[in-house]
Amino acid sequence: MLNPELISLENQVFRCYLGWSAILILKIFAAGIYTGLMRFFTAMASPVELLSLSNPVFKSFTFWVGVLVIKMLLMSLLTAIQRFKTKTFANPEDLMSPKLKVKFDDPNVERVRRAHRNDLENILPFFAIGLLYVLTDPAAFLAINLFRAVGIARIVHTLVYAVVVVPQPSRALAFFVALGATVYMALQVIASAAF
Amino acid sequence: MLNPELISLENQVFRCYLGWSAILILKIFAAGIYTGLMRFFTAMASPVELLSLSNPVFKSFTFWVGVLVIKMLLMSLLTAIQRFKTKTFANPEDLMSPKLKVKFDDPNVERVRRAHRNDLENILPFFAIGLLYVLTDPAAFLAINLFRAVGIARIVHTLVYAVVVVPQPSRALAFFVALGATVYMALQVIASAAF
Amino acid sequence: MLNPELISLENQVFRCYLGWSAILILKIFAAGIYTGLMRFFTAMASPVELLSLSNPVFKSFTFWVGVLVIKMLLMSLLTAIQRFKTKTFANPEDLMSPKLKVKFDDPNVERVRRAHRNDLENILPFFAIGLLYVLTDPAAFLAINLFRAVGIARIVHTLVYAVVVVPQPSRALAFFVALGATVYMALQVIASAAF
């Protein structure tokens, strides 16, 4: 998936990503330490209702799920637009004129469909694990930034994959930021449930 | 996706859909006004436990998720039936006789698979956003009718797509009813979480 | 999907599956009776918080969702490994050398993608219905074993489909164990919500 030549400090896109990744990681560490100290001094106040909008972690999760659901549903529209543009219809009953035939291999349609499938593979598991992660009562600052990272990374993923095609490290990096955050949440959830 | 000639009042299927859409929309408006008045007179009784079956909104959501999960899982069976009927197997280990070869392009199998994929793209995001929508404590009558609209529209979608092929405005209308209801819920969820 | 010749007591793989299925079913019945008696004698103690990790049913669900999310996300990696091994890339921007062309039909890549899609079709509905099933407050022993059955069956499904190809009754049996457990939960959820 990676073009090795593009992973170089000469590549401006890559340099920009590296910078933002470093900032994000530092911010997450700082958040962890900050929240740890806050918890210590506030005597570990446990929220009464984790699934209430007064819990900032749940509020953030709710916001990003809403945004990502809209984003995913827009993929259907993007596919439809590409289908009409290239007159590529998969069902005989969708053909608008008797001259057209069903077609399955238009590269523009298939690109949007691959991006959409990648969403199904990555965003939907995030919805499930994110809710359970909220219920493990994680440190707010860390959790909110993880949700933000997933949300933004998946929007970037769609933009560089299906809207404007950007050379490679961009899609792979967006993919791995969201994957990493989701895997982290899953490991935390497993740790909470296993012990 | 739409055959423009079929969107006409001459088309009985379309007339029928228009009528039902109008009834549904009027019902939703009436429900909104009714619930608003009820809330006013009952001093905004907030349910203690939103995720309990004594909350009619959650009860309705639970019911429709159950029905749609069964419907989705039946798609696998429908695919299997088509595979056996047309002897189209995608894996060498599935071939029942040495004379058969793997095949990927049977139109009947692919039609069911497209319907199934459309379910993944639309029903699964509904599951995630529907639960969060329940947690925003929406007006019961509206919420219950939205869940009903999604549930029925997605069953109709499967019937006209993969069981009996019905000419086009039907599938597109079923698709857009469910999409519209899901987008509405997502926007409500975002509004609750953002402010 | 089934090779009829392999469904015979001569086949050791099939004998082994039969044995384990029987044990699992007996265990589930025993658990149901045990839990029924326990409930009777403990005066139907209803847990205060069903979605807390002190509820063993929710704890088990949480654990298996975590494990299955990790498993599903690993499928992307498995696909990537197969893509690099066979030099099959679907996007022009992914090609690592100008000599390569986009390719879509490598059997190894497609096999992993089929296994991944099967996960989307079966594991994601389980996530939705499993959570609602926890909220119906089911008998702990039965619920925990159902989650276990789904978790283990889906891991076996991936192993025999996409890692080491095992002759047929194995994948079909793993598929149907998970499907059966999910359908059972969905029916219980519908029954709780409908009456």
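Taking an unreviewed UniProt entry as the reference, chain A is identified by name as Microsomal glutathione S-transferase 1 belonging to Drosophila sechellia. Taken from UniProt, the Subunit (unreviewed entry) comment for chain A reads in full: "Homotrimer; The trimer binds only one molecule of glutathione." Under the UniProt heading Function (unreviewed entry), the entry covering chain A gives this text: "Conjugation of reduced glutathione to a wide number of exogenous and endogenous hydrophobic electrophiles."

1. What to know about the overall build of chain A
Counting secondary structure elements, chain A contains five helices and zero strands. Secondary structure elements of chain A occur, N-terminal to C-terminal, as α-α-α-α-α. At a minimum sequence separation of 6, the contacts of chain A that also span at least 24 residues come to 72%. As displayed, chain A has an accessible area near 9,300 Å², and 71% of this comes from carbon and sulfur atoms.

2. Digging into the side chain of aspartate 106 of chain B
Residues and elements named next belong to chain B. Relative to the helices and strands, aspartate 106 is located in the loop between helix 2 (56–86) and helix 3 (107–135). For the buried aspartate 106, no salt bridge is present, and the opposite-charge side chain at shortest range is lysine 103, 4.5 Å distant. At 3.1 Å, the side chain of aspartate 106 and the backbone nitrogen of valine 109 are in polar contact. Ignoring sequence-local partners within four residues, the contact set of aspartate 106 consists of Thr86 and Thr88.

3. Brief notes about the domain arrangement of chain A
Residue and element names in this part refer to chain A. The domain boundaries assigned to chain A delineate domain 1 (4–42) and domain 2 (46–193). On a C-alpha basis, the centroid separation for the pair domain 1 and domain 2 is 22 Å. At the interface, 11 residues of domain 1 touch 15 residues of domain 2. Of the roughly 1,200 Å² buried at the junction of domain 1 and domain 2 (both faces included), carbon and sulfur atoms supply 77%. For the pair domain 1 and domain 2, the interface holds zero salt bridges. Our count for the domain 1 to domain 2 interface comes out at zero residue pairs in polar contact (both at pLDDT 80 or more). Partitioned by chemical class, the residues of the side of domain 1 that touches domain 2 number seven nonpolar, two polar and two charged.

4. With respect to the packing of aromatic side chains
Counting across every chain of the model gives 24 aromatic pairs over all chains. On the basis of an interplanar angle of 80° and a centroid distance of 5.3 Å, the ring pair of phenylalanine 84 of chain B and phenylalanine 89 of chain B is categorised as edge-to-face. Ring geometry for phenylalanine 63 of chain C and tryptophan 64 of chain C: centres 5.3 Å apart, planes at 80°, overall edge-to-face. Since its relative accessible area comes to 27%, phenylalanine 63 of chain C is described here as partly exposed. Here a set of aromatic residues connected by ring pairs shows up, and it is made of Phe61, Phe126, Phe127, Tyr133 and Phe147 of chain A. Just above the ring of tyrosine 161 of chain A sits the side chain of arginine 171 of chain A; from NZ or CZ to the centre is 4.0 Å.

5. Looking at the nonpolar core
Of all hydrophobic cores here, the largest spans 113 residues; its most connected members are Phe127 and Phe147 of chain A, Phe127 and Phe147 of chain B together with Phe127 and Phe147 of chain C. Once residues within four sequence positions are removed from consideration, phenylalanine 147 of chain A is found in contact with Val57, Ser60, Phe61, Trp64, Phe126, Gly130, Tyr133, Val134 and Met185 of chain A.

6. Thoughts on the interface of chain A and chain C
Accessible area lost upon the coming together of the parts serves often as the stated size of an interface. Contacts between chain A and chain C engage 36 residues on the former and 34 residues on the latter. Counting each side, the surface lost to burial between chain A and chain C is near 2,800 Å², with a carbon and sulfur contribution of 70%. Between glutamate 93 of chain C and arginine 111 of chain A there is a salt bridge, with its nearest N and O atoms 2.9 Å apart. Along the contact surface separating chain A from chain C lie six residue pairs in polar contact (both at pLDDT 80 or more). Mapped by element, the contributors of at least two residues to the side of chain A that touches chain C are helix 3 (107–135) and helix 5 (169–194) of chain A. Residue composition of the side of chain A that touches chain C, grouped by class: 26 nonpolar, five polar and five charged.

7. A look at the packing of helix 4 (residues 140–163) of chain B against helix 5 (residues 169–194) of chain B
Residue and element names in this part refer to chain B. The contact between helix 4 and helix 5 brings their axes to 8 Å, and the two run at 150°. Between helix 4 and helix 5, the crossing angle belongs to the class labelled roughly antiparallel. Considering how the two elements wind past one another, helix 4 and helix 5 form a crossing that is left-handed. From helix 4, Leu142, Leu146, Phe147, Ala149, Val150, Ala153, Arg154, Val156, His157, Val160 and Tyr161 reach across to helix 5, where they touch Ser170, Arg171, Ala174, Phe175, Val177, Ala178, Ala181, Thr182, Tyr184 and Met185. Residue composition of the contact of helix 4 with helix 5, grouped by class: 16 nonpolar, three polar and two charged.

8. Thoughts on unusual backbone geometry
All names here are of chain A. Even without being a glycine, aspartate 137 presents a positive backbone phi close to 55°. Relative to the helices and strands, aspartate 137 resides in the loop between helix 3 and helix 4 (140–163). Using a relative accessible area of 24% as the deciding quantity, one classes aspartate 137 as partly exposed.

9. Description of the UniProt feature "transmembrane region" (unreviewed entry) in chain A
All names here are of chain A. The UniProt entry lists residues 17–41, 61–81, 123–143, 149–166 and 173–194 under the feature "transmembrane region" (unreviewed entry), expressed in the numbering used here. Taken end to end, residues 61–81 is 100% helix and 0% strand, and its two terminal C-alpha atoms sit 30 Å from one another. End C-alpha to end C-alpha, residues 149–166 measures 20 Å, and it is 83% helix and 0% strand.

10. Examining the pattern of salt bridges
Taken as a whole and assessed by the stated rule, the structure comprises 18 salt bridges over all chains. Across the pair aspartate 119 of chain C and lysine 71 of chain C runs a salt bridge, and its minimum N-O distance is 2.5 Å. Within this pair, whereas aspartate 119 of chain C is found in helix 3 (residues 107–135), its partner lysine 71 of chain C is found in helix 2 (residues 56–86), the two being separated by 48 residues in sequence. Each of Lys71, Asp119 and Arg154 of chain A takes part in a single network of salt bridges with overlapping partners.

How each quantity is defined
Residues numbered from 1 in each chain as written. Chains lettered and ligands numbered in written order. Predicted model: local features only at pLDDT ≥ 70, side-chain atom pairs only at ≥ 80, totals over all residues. Heavy atoms only, no water. UniProt positions renumbered as here; feature names shortened; annotations may be inferred. Helix = DSSP H or I, 4+ residues; strand = E, 2+ residues; numbered from the N terminus. Contact = heavy atoms within 4.5 Å. Areas by Shrake-Rupley, 256 points an atom, 1.4 Å probe, with all protein chains shown as cover. Buried < 20%, exposed > 50% of the residue type's maximum accessible area, 1.4 Å probe, protein only. Lys, Arg positive; Asp, Glu negative; His and termini not counted. Salt bridge = Lys/Arg side-chain N within 4 Å of Asp/Glu carboxyl O. Polar contact = N/O pair within 3.5 Å; in protein donor to acceptor, adjacent residues only side chain to side chain. Domains from an automatic or database assignment. Buried area = accessible area lost by both parts, 1.4 Å probe. Nonpolar A, V, L, I, M, F, W, Y, C, P; charged D, E, K, R; others polar. Phe/Tyr/Trp six-rings, centres within 6.5 Å; stacked < 30°, edge-to-face > 60°. Lys NZ or Arg CZ within 6 Å of the ring centre and 35° of its normal. Core = buried A, V, L, I, M, F, W, Y, C linked by side-chain atoms within 4.5 Å. Axes fitted to C-alpha atoms, helices over the stretch in contact; angles between N-to-C directions. Parallel < 35°, antiparallel > 145°, perpendicular 65-115°, else oblique. Left-handed = near helix turned anticlockwise from the far one by under 90°.

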